[in-house]
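# Breakdown of the fold
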Amino acid sequence: MSPERNIMKKILFFLALILFAANLYAADTLIPVKVGIYEDAPLVFTGPDKNPQGICVDLLDKIAQKEGWKIEYLYGSWPECLERLKSGQIDLLVDIIYTDERSKLYDFTKESFISDWGEAYATRESGVRSILDIKDKIVAGVSNDMFYLEFRKLTKAFNIKCKFIEAGDYPGVFRMLEEGKADIGVVGRLYGARYGQGHGIERTAIVFSPQDSLVAAQKGKNQELLEAIDRDISLMKEDKNSYYYRVIDKWLGNAKARRFLSFLFWFSVSALGLLLLFISLSVILKTQVARRTRDLTAAYAKLKETQEQLIQAAKMQVVGGLASGVAHEVKNPLTIIIQGVEYLERKIPPDANIRMVFGNIKNAVGRADSIIRGLLDFSRVSKLEMTHEDVNLLCERCLALMKHQFDKERIRLVKELQPGIPGITVDKNKIEQVVINLLMNALQASSEEGRIILRTRFEEEEGEIIIEVEDSGSGISPEALNKLFDPFFTTKRGKGGTGLGLSVVKNIVEMHNGKIQIRNNDSGKGAVAIVTFKA
Amino acid sequence: MLKKRILVIDDEEVIGQMVKMNLEDTGEYAVENLTSGLNAVGAAVAFKPDFILLDVVMPDIDGPAVYNNLKENKDTKDIPVVFLTAIATDQDTGASGGIIGGRPILSKPITTRKLIECIKKYSK
Ligand SMILES: Nc1ncnc2c1ncn2[C@@H]1O[C@H](COP(=O)(O)OP(=O)(O)OP(=O)(O)O)[C@@H](O)[C@H]1O
Ligand SMILES: [Mg+2]
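One structure accompanies this document, and this report is about it.

## Looking at the overall build of chain A
- In terms of regular secondary structure, chain A is built from 15 helices and 18 strands.
- Of all 535 residues assigned to chain A, the portion counted as buried reaches 41%.
- Of the roughly 31,100 Å² that chain A leaves accessible, carbon and sulfur atoms contribute 58%.

Printed below as a string of structure tokens:
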């Protein structure tokens, strides 16, 4: 063996030893810290290969390096993250906003990594610049997103009417703007700053609800971690050339970051050319796919509707067949009871208890009777007495009948009756029954200070006359939605509901060759019933 | 004042009984019951009612057929007849008796007050 090789060997041996020792030392002294992360680009999110990234991650890694922490990121949904922090499965949770509610469970850093706030973006055509322009516009937001909720509160506070539609995430919001489904999109400013450029979409002057993105720990635990973060962040923030500002630039793309090397520029141009080619190809494909999907969806919806109609028809038949038989069997005994009570009332000296018992019996009879009555109304195939009617006058009559009740319940009634609707041939009593039933349901779903709109309109193109009853009440749960018209379906059992109201309504509407639809409002509060007749 | 004579035709015997007790209690009515419409004409000729209350759904002969028989006989054709039925509702008939297909109808369950209103309205 040559002496040189010997020396080499020794050096290598020593190097290995040093590395080994260093490793041992490091493993010994690095403090393990488990950090919860979720999806909130560009603050914190996971890349395609599931590796954590974003402003918070970069900054936290830097701090970890300085403080000698070994960070393990634990990815989850937002509720999972909160739960893990509460149960101590993670030590820290990044990108969390302080609320009084949360402060009961968690401790927070004082320094924020960055501040986020809500911003509205708008399509260029919409012409929206400020909060004054948003009246009657369609606003897209992410359901349950804080900024979206705050924005809705804002419009409510200013009494600005606009329509809301909801997307699953921020990219979805921008997509809705691009596709022209919405005029305005509400997102966090950090997301907007990174992804909200171009595509005919502009930032507006509407900003609101500033929020500090903090780090939280379980209450009373890991205080030293929070303190270290506060210390390091505030130090970094003081120095304009610090890593902190480089991270912000990197993620929010400030002017410096946009300086290109010229070769990079030309490279980009040619790459862009290729990309454009791809995009246009994929756009063509996408529109084709979209069209096919639309066709299929429409066909599916149609099929489903037909199926539902068939089921409904079958149910009606059964109930219709039962109704008169049941009515006969039940109403005769009811007659006997009521006549018997009337007789006894006269014959037995009335003391308070006896009077109460008789009252109860009569009530019970009334209740049983109303069930049967509804059943009969429902199955009734009686002839319609058709006359030529003015829909608006008809609605006015119903309102007059209901006015007292609305006043009593302190519900505001708004009339939006479009003038000049052509006359319609209907059984006016039956249609009044329909409107009153819908108003009753709306009223029962509303709480004090609610408002109900009775609207009529004429769709000239389709030749349709439409009556709408819209409320701001409880809305309809998803389970209830497809049972509304089932006979006896009610959520007011024990509170006087028979569950026959809407079955009767549907029956009447269909006898007039009309259609009825009931759904929750787009705005997310209350329900609307839409009755359509051919003019 | 002479008591008004009411003939009640209903297969449910107890209904007739109860109506009789309640109407006669007022002191203004004399009530007779039939549980089948088969002999309605004969009974009406004998009893000479001022008013007939007629059930619609009965097993041996139904109300409308009885009605026709009464209207075809010269001695009974002018007696007012009101149908009493379980298979129509107040909605069709109005509270104190309405008209369906040209015939007055009362819907069950019927209170004495409603019945008296109806009798007053239709009897001679
Ligand atoms: N405007 C509405 N908002 C919320 N829920 C509604 C509305 N309209 C109807 N519903 C729901 O549909 C159910 C069925 O309504 P339907 O009118 O058939 O019966 P009901 O109102 O419960 O009883 P009834 O009409 O005999 O008083 C209701 O119990 C309620 O849960
Ligand atoms: Mg109802």
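## So, the overall build of chain B
- Scanning chain B from N- to C-terminus turns up five helices and six strands.
- Sequence-ordered secondary structure for chain B, helices as α and strands as β, is β-α-β-α-β-α-β-α-β-β-α.
- Of all 124 residues assigned to chain B, the portion counted as buried reaches 50%.
- Look at the contacts in chain B between residues 6 or more apart in sequence, and 61% of them connect residues 24 or more apart.
- Accessible area for chain B stands at about 5,600 Å²; split by element, carbon and sulfur atoms hold 52% of it.

## Re a nonpolar patch on the surface
- Taken together, Leu275(A), Leu276(A), Ile279(A) and Val283(A) make up a surface patch of nonpolar side chains, about 350 Å² in accessible area.
- With respect to the helices, strands and loops of the structure, Leu276(A) is situated in helix 10 (residues 262-347).

## Topic: the packing of aromatic side chains
Residues and elements named next belong to chain A.
- Per the stated rule, a full pass over the model turns up nine aromatic pairs over all chains.
- Consider the rings of phenylalanine 174 and tyrosine 191, whose centres lie 5.9 Å apart with planes at 20°: the pair is stacked. Of this pair, phenylalanine 174 sits in helix 6 (residues 170-178) while tyrosine 191 is found in helix 7 (residues 189-195), placing the two residues 17 residues apart along the sequence. The burial state of phenylalanine 174 is the same as that of tyrosine 191; both residues are buried.
- Grouping aromatic residues by their ring pairs yields a cluster made of Tyr121, Tyr170, Phe174 and Tyr191.
- Over the aromatic face of phenylalanine 164 sits the side chain of arginine 152, whose NZ or CZ is 4.3 Å from the ring centroid.
- The cationic tip of lysine 506 hangs over the ring face of phenylalanine 485; the distance from NZ or CZ to the ring centre is 5.0 Å.

## Details of the pattern of salt bridges
Residues and elements named next belong to chain B.
- Following the criterion strictly, the structure yields 39 salt bridges over all chains and no others.
- The salt bridge involving arginine 113 is made with glutamate 117; its shortest N-O contact spans 3.2 Å. Of the two residues, arginine 113 and glutamate 117 are both situated in helix 5 (residues 112-122); the distance of four residues between them amounts to about one turn of the helix.

## Concerning the nonpolar core
All names here are of chain A.
- Within the largest apolar cluster, 46 residues are counted, with the highest numbers of intra-cluster contacts made by Val35, Ile55, Trp69, Leu92 and Ile229.
- The leading source of residues in this core is helix 2 (residues 55-67), at seven residues.
- Other than its neighbours up to four places away in sequence, isoleucine 229 contacts Leu60, Ile63, Trp69, Leu92, Thr109, Phe113 and Val215.

## Quick look at the sheet that holds strand 18 (residues 527-534) of chain A
Residue and element names in this part refer to chain A.
- Pairing is mixed in the open sheet, where five strands are placed in the order 13-15-16-18-17. Each edge of the open sheet is held by one strand with a lone partner, namely strand 13 (412-417) and strand 17 (515-520). Looking at each pair of strands side by side, their axes are set apart by 15° on average, direction ignored.
- Direction of pairing for strand 13 relative to strand 15 (residues 451-459): parallel, over a ladder of six bridges. Counterpart to leucine 413 in the pairing with strand 15 is isoleucine 452.
- On top of the sheet, helix 12 (residues 391-409) reaches strand 13, strand 15 and strand 16 (464-471); it is set at about 175° to strand 13, its chief contact.

## Describing the side chain of Gln339(A)
- Following the sequence through the fold, Gln339(A) ends up in helix 10.
- Relative accessible area serves as the criterion here: at 1%, Gln339(A) is assigned to the buried category.
- For Gln339(A), the contacting residues outside a window of four places in its chain are Met18(B), Val19(B), Asn22(B), Ile110(B), Thr111(B) and Thr112(B).

## Details of unusual backbone geometry
- That bond from Ala41(A) to Pro42(A) is cis: its omega, 0°, falls within 30 degrees of zero.
- Summarising the element assignment, Pro42(A) is placed in the loop between strand 1 (31-37) and strand 2 (45-46).
- For the bond running from Lys108(B) to Pro109(B), omega is -5°, close enough to zero to count as cis.
- With respect to the secondary-structure elements, Pro109(B) resides in the loop between strand 6 (103-107) and helix 5.
- The residue Asn513(A) is not glycine, and still its phi comes out positive at about 60°.
- Tracing the backbone through its elements, the reader meets Asn513(A) in the loop between helix 15 (501-511) and strand 17.
- Using a relative accessible area of 68% as the deciding quantity, one classes Asn513(A) as exposed.

## Some details on the pairing of strand 2 (residues 29-34) of chain B
All names here are of chain B.
- Here strand 1 (residues 4-9) pairs with strand 2 via six bridges, running parallel. Residue isoleucine 6 lies in a different strand from strand 2, and its bridge partner there is valine 31.
- At this point the chain moves from strand 1, through helix 1 (residues 13-25), to the parallel strand 2, and the crossover so formed is right-handed.

## Examining the environment of Glu432(A)
Residue and element names in this part refer to chain A.
- By secondary structure assignment, the location of glutamate 432 is in helix 13 (residues 428-445).
- Judged by relative accessible area, which is 11%, glutamate 432 ranks as buried.
- Discounting chain neighbours no more than four positions away, the residues touching glutamate 432 are Leu394, Arg397 and Cys398.

## Re the pairing of strand 16 of chain A
Residues and elements named next belong to chain A.
- Summarising burial for strand 16: eight of the eight residues are buried, a large majority.
- Looking at chain direction, strand 15 and strand 16 are connected through eight bridges and run antiparallel. Bridge pairing in strand 16 places leucine 454 opposite valine 469.
- As consecutive antiparallel partners, strand 15 and strand 16 are separated by four residues, and within that stretch glycine 463 has a phi angle of approximately 65°, a positive value.
- As paired elements, strand 16 and strand 18 share seven bridges and run antiparallel to each other. The residue bridging valine 469 from the neighbouring strand is alanine 529, located in strand 18.

Rules used in this analysis
Residues numbered from 1 in each chain as written. Chains lettered and ligands numbered in written order. Predicted model: local features only at pLDDT ≥ 70, side-chain atom pairs only at ≥ 80, totals over all residues. Heavy atoms only, no water. Helix = DSSP H or I, 4+ residues; strand = E, 2+ residues; numbered from the N terminus. Buried < 20%, exposed > 50% of the residue type's maximum accessible area, 1.4 Å probe, protein only. Areas by Shrake-Rupley, 256 points an atom, 1.4 Å probe, with all protein chains shown as cover. Contact = heavy atoms within 4.5 Å. Patch = residues over 30% accessible without salt bridge, like charges linked within 9 Å, V, L, I, M, F, W, Y side chains within 5 Å. Salt bridge = Lys/Arg side-chain N within 4 Å of Asp/Glu carboxyl O. Phe/Tyr/Trp six-rings, centres within 6.5 Å; stacked < 30°, edge-to-face > 60°. Lys NZ or Arg CZ within 6 Å of the ring centre and 35° of its normal. Core = buried A, V, L, I, M, F, W, Y, C linked by side-chain atoms within 4.5 Å. Pairing = 2+ DSSP bridges. Axes fitted to C-alpha atoms, helices over the stretch in contact; angles between N-to-C directions. Right-handed = clockwise from strand over helix to strand, strands pointing away.

Structural measurements only, silent on function.
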